[in-house]
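Read off the chains here:
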Amino acid sequence: MSPVTARRPLRADARRNYDRLLDAAREAVAQHGAEASLDDIARRAGVGSGTLYRHFPTRAALLEAVFHEQIDGLCAQAAAHLEDPDPAAALRAWLEAVLLHSIRNRGMAAALRTEHTDSTWCYATMQESAGRLLTRAQVVGALRADVPVSDLLRLINGLALANLDAPDAEQSAVRMLGYALAGMRAGVAPAR
């Protein structure tokens, strides 16, 4: 469970406002990045600025709540992919989802790092989810056994960063992921 979801329960009306704020923040960050206007987020959610600040006293608190919710969602997707009969396809599908998430939420991770938020939960959770999918692909011989999960996650981060300003960012990043995964297939010699 993420630190954000471990908070005390809210009254029904407060929960609705909280959820509307998160929905509005997700949309605003996807459109404008981590510097999306807090006033715009409150307006999109149909609440006043005071309500926004009651739930999220800082920009970092709002971004962290959105980010944690999204990471929880990505980890749930990873768990669902564990049922896929094709471990290599499951890993690729999940890595694509993580890559697209990184591109669509440009600047969020960097903004959270500068606010000194605790990123250990995120890193550990993502590494565990990726590790289970990677291990399945390695066990069936679809990917080389010497590929560590940490390299795989750094690769995704690098692909997202490299494609942020590309006119076809998502397509380009997914295409490059395909190249990288092809180079990690079992039987392909590691580069020296």
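The structure displayed is predicted, hence computed values, not measured ones.

Trainee: Which residues make up the overall build of the protein chain, and what are the values?
Mentor: In terms of regular secondary structure, the protein chain is built from 9 helices and 0 strands. The helix and strand sequence of the protein chain, counted from the amino end, reads α-α-α-α-α-α-α-α-α. Of all 192 residues assigned to the protein chain, the portion counted as buried reaches 43%. Excluding contacts between residues fewer than 6 apart, the proportion of contacts in the protein chain whose partners are at least 24 apart in sequence is 72%. Per element, the accessible surface of the protein chain, about 10200 Å² overall, is 54% carbon and sulfur.

Trainee: Give a description of the packing of helix H1 (residues 12-32) against helix H4 (residues 59-81) that names residues and reports values.
Mentor: Relative to each other, H1 and H4 sit at 85°, their axes nearing to 10 Å. As the angle between them shows, H1 and H4 are arranged roughly perpendicular. Note on element contacts: H4 touches H1 through Leu62, Leu63, Ala65, Val66, Glu69 and Gln70, opposite Tyr18, Leu22, Ala25, Arg26 and Val29.

Trainee: Now, about the side chain of Thr51: what can you tell me, with residues and values included?
Mentor: Mapping Thr51 onto the fold places it in helix H3 (residues 49-55). Setting aside its immediate chain neighbours within four residues, Thr51 contacts Asn17 and Leu21.

Trainee: Explain the nonpolar core to me, using residue names and the numbers behind them.
Mentor: What tends to happen in soluble globular proteins is that the nonpolar side chains get buried as a cluster. Ile71, Leu91, Trp94, Leu95, Leu99 and Met126 are the most contacted members of the largest nonpolar core, which totals 32 residues. Going through the elements one at a time, H4, helix H5 (87-104), helix H7 (120-139), helix H8 (149-163) and helix H9 (169-183) are the ones with two or more residues in this core. Among the nonpolar cores identified, the runner-up in size contains 17 residues, and Ala24, Ala36, Leu38 and Ala45 belong to it.

Trainee: A description of the environment of Leu161 should follow, citing residues and the corresponding values.
Mentor: Among the secondary structure elements, Leu161 is positioned in helix H8. Accessibility expressed as a relative area gives 55% for Leu161, which makes it exposed. C-alpha separation for the pair Leu161 and Ala173, spaced 12 residues apart in sequence, amounts to 9.2 Å.

The rules we used
- Residues numbered from 1 in each chain as written.
- Predicted model: local features only at pLDDT ≥ 70, side-chain atom pairs only at ≥ 80, totals over all residues.
- Heavy atoms only, no water.
- Helix = DSSP H or I, 4+ residues; strand = E, 2+ residues; numbered from the N terminus.
- Buried < 20%, exposed > 50% of the residue type's maximum accessible area, 1.4 Å probe, protein only.
- Contact = heavy atoms within 4.5 Å.
- Areas by Shrake-Rupley, 256 points an atom, 1.4 Å probe, with all protein chains shown as cover.
- Axes fitted to C-alpha atoms, helices over the stretch in contact; angles between N-to-C directions.
- Parallel < 35°, antiparallel > 145°, perpendicular 65-115°, else oblique.
- Core = buried A, V, L, I, M, F, W, Y, C linked by side-chain atoms within 4.5 Å.

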